[in-house]
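# Structural characterization, general
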Amino acid sequence: MKDFIKILIAFITVLLLWAAIGVKKLDRNNFLSSSTLDMSRPLNVTIDVEFINKLNPAYGK
């Protein structure tokens, strides 16, 4: 019961701090700059389907 009370007090403290600082919506632009997004590009990958099918354990190999 003591552990529950400690966890409850910690949870309430975090909620109060979060409310005091101000709840903000998570936005992708806050975490990734436009220059980072400009540098990123998808990889050009060719998938060998026959090789993947050979790895299937149902074939017993």
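Conventions used here
- Residues numbered from 1 in each chain as written.
- Predicted model: local features only at pLDDT ≥ 70, side-chain atom pairs only at ≥ 80, totals over all residues.
- Heavy atoms only, no water.
- Helix = DSSP H or I, 4+ residues; strand = E, 2+ residues; numbered from the N terminus.
- Buried < 20%, exposed > 50% of the residue type's maximum accessible area, 1.4 Å probe, protein only.
- Areas by Shrake-Rupley, 256 points an atom, 1.4 Å probe, with all protein chains shown as cover.
- Expected span 1.5 Å × (residues − 1).
- Patch = residues over 30% accessible without salt bridge, like charges linked within 9 Å, V, L, I, M, F, W, Y side chains within 5 Å.
- Salt bridge = Lys/Arg side-chain N within 4 Å of Asp/Glu carboxyl O.
- pLDDT = per-residue confidence, 0-100.

## Some remarks on the overall build of the protein
- Assigned secondary structure in the protein consists of four helices and zero strands.
- Going from N to C terminus, the protein has its helices and strands arranged as α-α-α-α.
- Residue burial in the protein is summarised as follows: out of 61 residues, 0% are buried.
- When the accessible surface of the protein is totalled, it reaches about 6700 Å², and 65% of it is carbon and sulfur.

## Comments concerning helix H1 (residues 2–21)
- If you check H1, its first and last C-alpha atoms are 29 Å apart, about what 20 residues at 1.5 Å a residue would give, namely 28 Å.
- Across the 20 residues of H1, zero count as buried, placing the element largely on the outside.

## Side note on a nonpolar patch on the surface
- A surface patch of nonpolar side chains, about 1200 Å² in accessible area, is lined by Met1, Phe4, Ile5, Leu8, Ile9, Phe11, Ile12, Leu15, Leu16, Trp18 and Val23.
- By the element assignment, isoleucine 5 lies in helix H1.

## Describing the confidence of the model for the protein
- Confidence in the prediction of the protein, expressed as mean pLDDT, is 78, and 75% of residues score 70 or more.
- Within the protein, the lowest mean pLDDT, 68, falls on helix H2 (residues 28–31), and the highest, 91, falls on H1.

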